Amino acid sequence: MEMTAADETGAAVRVTRTQALIAARAVIRTHPDAGWQEPHTFDLRTAWLDGGVA
């Protein structure tokens, strides 16, 4: 699993492994039908899931 996070200006934000796992679980539970074989971009502000990579 790989997670990158950015703030509203696009600057990188540090995310701990624990934070990444919690976020990943929440996203997977919220969007169970997304094809998880491919990477996705998830916006935490809007809960919008994109099929592309950030």
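Residues numbered from 1 in each chain as written. Predicted model: local features only at pLDDT ≥ 70, side-chain atom pairs only at ≥ 80, totals over all residues. Heavy atoms only, no water.

With respect to the secondary-structure elements, histidine 40 resides in the loop between helix 1 (17-30) and strand 1 (41-43). Here the alpha-carbon distance between histidine 40 and threonine 30, two residues 10 residues apart in the chain, equals 13 Å. In this structure the side chain of histidine 40 is engaged in a polar contact, spanning 3.2 Å, whose partner is the backbone oxygen of aspartate 50. (Helix = DSSP H or I, 4+ residues; strand = E, 2+ residues; numbered from the N terminus. Polar contact = N/O pair within 3.5 Å; in protein donor to acceptor, adjacent residues only side chain to side chain.)

For the rest of this paragraph, the subject is helix 1. Between its terminal C-alpha atoms helix 1 stretches 20 Å, which fits the 20 Å expected from 14 residues at 1.5 Å a residue. Within helix 1, burial applies to Ala20, Ala23 and Val27. One side of helix 1 holds all its buried residues, which, seen down the axis, span an arc of 70 degrees. Seen from the open side of helix 1, the exposed residues pointing more than 90 degrees away from its buried face are Arg17, Thr18, Ile22 and Arg29. (Expected span 1.5 Å × (residues − 1). Buried < 20%, exposed > 50% of the residue type's maximum accessible area, 1.4 Å probe, protein only. Arc of directions from axis to C-beta.)

Let us look at the confidence of the model for the chain. Averaged over all residues, the pLDDT of the chain equals 83, while 93% of them reach at least 70. No element of the chain has a lower mean pLDDT than strand 1, at 82, and none a higher one than helix 1, at 88. (pLDDT = per-residue confidence, 0-100.)

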